[in-house]
Amino acid sequence: MKALLIGNFGAGNYGDEMILIAFLERFLNEFPTATVGIVTANEDLSRGFLGEFFNEKDLSRVSFVRPLPFGVRSLLRHVRSGSSLRKSYAEFDLAIYCGGGLFTDEESPLSVPMWASYGLLYKRWKRPVYAFGLGCGPIRRGLSRQIMTHLVPYFSYCGVRDEASLECAQGFGGGEKVHLTRDSVFLLDGEKLRSKVDHLTPPVSGEYIAVTMRPWKTMTDAVCKKIAHTFERIIAQTGLRLFLVPFQEFPQNDKQILNKISAHILKNEHIFVSDWQPSLMSLLGVLSHAKMALGMRLHSGYLSAVLGASFVIIPYADKGRGAASFGDSSCIPLNRFLKLGQQPNDLTNFLKSVEDAHELQVRKAADFNHIATVEFGKLASAISRRMHIRE
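This is a predicted model, so every value here is computed, not measured.

Student: Lay out unusual backbone geometry with the relevant residues and their values.
Tutor: The step from G137 to P138 runs through a cis peptide bond, and the omega angle for that step is -5°. Unlike most non-glycine residues, K126 shows phi in positive territory, near 60°. Take K126: it is sitting in the loop between α6 (111-124) and β6 (129-136). A relative accessible area of 68% means that K126 is categorised as exposed.

Student: Pulling in residues and values, what's your account of the nonpolar core?
Tutor: Formed by 68 residues in total, the largest nonpolar core has its most connected members in F23, L24, F27 and F186. Take this core: its biggest share by element is ten residues, from helix α1 (residues 14-30). Not counting chain neighbours up to four residues away, the residues in contact with F23 comprise L5, I96, C98, F132, L187, F376 and L379. With 35 residues, the next largest nonpolar core counts L258, M292, Y316 and A317 among its residues.

Student: Could you give me a rundown of the side chain of R214, with the residues and numbers involved?
Tutor: Here R214 is to be found in the loop between β9 (208-212) and α10 (221-238). With relative accessibility at 6%, the residue R214 sits in the buried group. One polar contact links R214 to E107, side chain to side chain, over a distance of 3.5 Å. Polar side-chain contacts of R214 include one of 3.0 Å to the side chain of Y316. Discounting chain neighbours no more than four positions away, the residues touching R214 are E107, M219, D254, I257, M296, R297 and Y316.

Student: Help me get a handle on the sheet that holds strand β12 (residues 292-295), residues and values and all.
Tutor: On the basis of which strands lie adjacent, the open sheet formed by five strands has the order β11-β10-β9-β12-β13 and parallel pairing. In the strand order of this sheet, the two ends are held by β11 (271-273) and β13 (311-313), each with one partner. Ignoring strand direction, the axes of neighbouring strands in this sheet form an average angle of 20°. Sheet topology places β12 next to β13; three bridges connect them, and they run parallel. In the sheet register, A293 faces β13, and the bridge partner there is F311. Contacting β9, β10 (241-244) and β11, α10 crosses the sheet at an angle of about 140° to β10. Set on the sheet, helix α11 (residues 254-262) makes contact with β10 and β11; between it and β11 the angle comes to about 155°.

Student: How would you summarise empty space enclosed by the protein if you had to cite specific residues and measurements?
Tutor: Within this structure, the stated rule accounts for one cavity of 30 Å³ or more. Empty space within the largest cavity amounts to approximately 30 Å³. Going through the elements one at a time, β6 and β7 (157-160) are the ones with two or more residues in the lining of the largest cavity. Looking at the lining of the largest cavity residue by residue, the class counts come to nine nonpolar, no polar and no charged.

Student: With reference to specific residues and values, describe helix α13 (residues 298-307).
Tutor: Judged by how many residues are buried, α13 sits mostly within the fold: ten of ten residues are covered. Here α13 has its buried residues at L298, H299, S300, G301, Y302, L303, S304, A305, V306 and L307. Phi for G308, located one or two positions after α13, is positive at around 85°.

Student: How would you sum up the pairing of β6? Please name residues and give values.
Tutor: Within β6, eight of the eight residues are buried, which leaves the element mostly enclosed by the surrounding structure. Here strand β4 (residues 94-97) runs beside β6; their pairing, made up of three bridges, is parallel. Among the inter-strand pairings, Y97 is bridged to a residue of β6, identified as A131. Judged from the two bridges that link them, strand β5 (residues 100-103) and β6 form a sheet pairing that is parallel. Paired with F103 across the two strands is C136, which belongs to β6. The β-α-β motif built from β5, the intervening α6 and the parallel element β6 has right-handed crossover chirality. Inspection of the sheet shows β6 paired to β7 by three bridges, in the parallel sense. Counterpart to L134 in the pairing with β7 is V160. Handedness of the crossover joining β6 and β7 through helix α7 (residues 142-151): right-handed.

Cut-offs used in this document
- Residues numbered from 1 in each chain as written.
- Predicted model: local features only at pLDDT ≥ 70, side-chain atom pairs only at ≥ 80, totals over all residues.
- Heavy atoms only, no water.
- Helix = DSSP H or I, 4+ residues; strand = E, 2+ residues; numbered from the N terminus.
- Buried < 20%, exposed > 50% of the residue type's maximum accessible area, 1.4 Å probe, protein only.
- Core = buried A, V, L, I, M, F, W, Y, C linked by side-chain atoms within 4.5 Å.
- Contact = heavy atoms within 4.5 Å.
- Polar contact = N/O pair within 3.5 Å; in protein donor to acceptor, adjacent residues only side chain to side chain.
- Pairing = 2+ DSSP bridges.
- Axes fitted to C-alpha atoms, helices over the stretch in contact; angles between N-to-C directions.
- 1 Å grid on protein atoms, 1.4 Å probe; cavity = no way out; pocket = protein on both sides within 12 Å on 5 of 7 lines; lining within 4 Å.
- Points joined across faces, edges and corners; volume = space filled by probe spheres on them.
- Nonpolar A, V, L, I, M, F, W, Y, C, P; charged D, E, K, R; others polar.
- Right-handed = clockwise from strand over helix to strand, strands pointing away.

Structure follows, in structure tokens:
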């Protein structure tokens, strides 16, 4: 059996790359004779990430496939490479979307048509398509909604990561094929992961908060300045250090917005802006050793939960509100965050609420791991039946 794994891989987004690690590990163990193709924008980068987690024997079962051309530049790159589109994709027996917030038009009107093109290609070839841990919605544009009505009912199994995605996928005709699987990173073994990173040296001395921010339409100069002032209050009132982590390199490096924020901070000896690193282990070490993770990147929270660390997400869009499933204390709206520390005991109470929520976060992460594991078993059974594999 040859399976194609689809996701936002090779773009240097830590969350998407960890989704691939989590799903691929389970898939290779479940199907020991299967081979896998991974759609990636950067084969060398993907190889490097996988090499941190998999041995040569496992990697010998993995190949890499260029993304489908979607635009003039990508089409030209595909033509120049001399590869055949049909040859690249037709060799696979099935396609699986591994997770990530792929199906939403919040960030770009092209997102849904681009990602749906993979599934619709396999639908045309009458080959099965599956999904696990997908973020779905909001989808407001007419063309995108029409495309989803053709794709979602075709899924043999459609796993989504949160309740909002469940409602969205069912609304496009998914029916009983749609399952709440939770995010694919919850397939990871947290204890095993911690054992890999506990020996790593913390990035800074003393207690610190791991901070993630990202470019977004609401991140104006005025908002960046207010965020900087909030950071100054956190440093002044708690003595904690802030370690700012770029979570994505391409197409927009988070470091640009982090530098923009840090430039407004006058006393910055307690704030550190990291370079983007092509190492998932380094990221996991930063999150594992942090007092808490705080920021806009959803998977900084999810991965912290897997590692047993505290987190608070600042939702920047509807798809970021999945962290609310961990409880109200796991999210803080941006407008509230910008005022944090202005009132007496405000910051102390916030940090206390995060500390109190930690036990719930650990329990939720264990629950989500159980759900993801059970649902992966259902996905594997569906694939085995379709591909006539003896379980």
